[in-house]
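Inside the fold
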Amino acid sequence: MSPLELLAIAVWVMLPAYVPNNAAVLAGGGRPIDGGRTLGDTRILGDGKTWRGTILGTLVGVALAYLLNLLRPTVVSFLGIGFPVFPLAVMIALPLGAMLGDIVASFLKRRMGRKRGAALPGLDQLDFAVVALALSAAVAPGWFLSVFTVGLLVVILVVTPILHVVTNVLAYLFGLKHEPW
């Protein structure tokens, strides 16, 4: 498999995990998941993690995975690349895992004394991807092992931080985010 094919498959399989956190921002607030509760003197998660955003982000990711499944025969025929089909469990696990990864990162950042929106390089760029992959492996281990080769995982772990930084900087430049990270 060529490096370009590997990159295309990496983006394809991770797209349902890449999009949810961006879609969650479009939900525009709502009730915080932590209900305003604290752990010690610090909010458990903060106002940025809401039920509405988590649900919308997950649903957008599920819809995207469904759309990719519908488009797959045409895309495979056109590009000649063997993109995988998303089983239902994975259609849910990838976006839900991405949202959960972001929630876990928020929890950890609050415990470290970081404010909402504060950067934490490494964690910010990979939290959602790692949890999305782990949840997908848990719900569909056979599919996961057949799709995610070591080479594909390496590409994902290298490309994801780059895509994350580029999309965040663009969102900042277009006024969609308050900080460029």
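Below is a short write-up of the structure. (Residues numbered from 1 in each chain as written. Predicted model: local features only at pLDDT ≥ 70, side-chain atom pairs only at ≥ 80, totals over all residues. Heavy atoms only, no water.)

This paragraph deals with the packing of aromatic side chains. Under the criterion given, the structure shown has five aromatic pairs. Seen from their ring centres, Phe 86 and Trp 143 are 6.2 Å apart, and the 40° between their planes marks the pair as tilted. Here Phe 86, found in the loop between helix H3 (51-79) and helix H4 (88-111), pairs with Trp 143, found in helix H6 (residues 141-147); they are 57 residues apart in sequence, far enough to count as distant. The residues Phe 86 and Trp 143 share a single accessibility class, namely buried. Site record: aromatic cluster; members linked through ring pairs are Phe 86, Trp 143, Phe 144 and Phe 148. Residue placement shows Arg 111 over the ring face of Phe 107; its charged tip is 4.7 Å from the ring centre. (Phe/Tyr/Trp six-rings, centres within 6.5 Å; stacked < 30°, edge-to-face > 60°. Helix = DSSP H or I, 4+ residues; strand = E, 2+ residues; numbered from the N terminus. Buried < 20%, exposed > 50% of the residue type's maximum accessible area, 1.4 Å probe, protein only. Lys NZ or Arg CZ within 6 Å of the ring centre and 35° of its normal.)

Let us now look at the packing of helix H1 (residues 3-18) against helix H7 (residues 150-173). Two numbers describe how H1 lies on H7: the axes approach to 9 Å, and their chain directions differ by 60°. At the point where H1 passes H7, the crossing takes the right-handed sense. Across from Leu 6, Leu 7, Ile 9, Ala 10, Val 13, Met 14 and Tyr 18 in H1, the residues of H7 making contact are Gly 151, Leu 152, Val 155, Ile 156, Val 159, Thr 160 and Leu 163. (Axes fitted to C-alpha atoms, helices over the stretch in contact; angles between N-to-C directions. Left-handed = near helix turned anticlockwise from the far one by under 90°. Contact = heavy atoms within 4.5 Å.)

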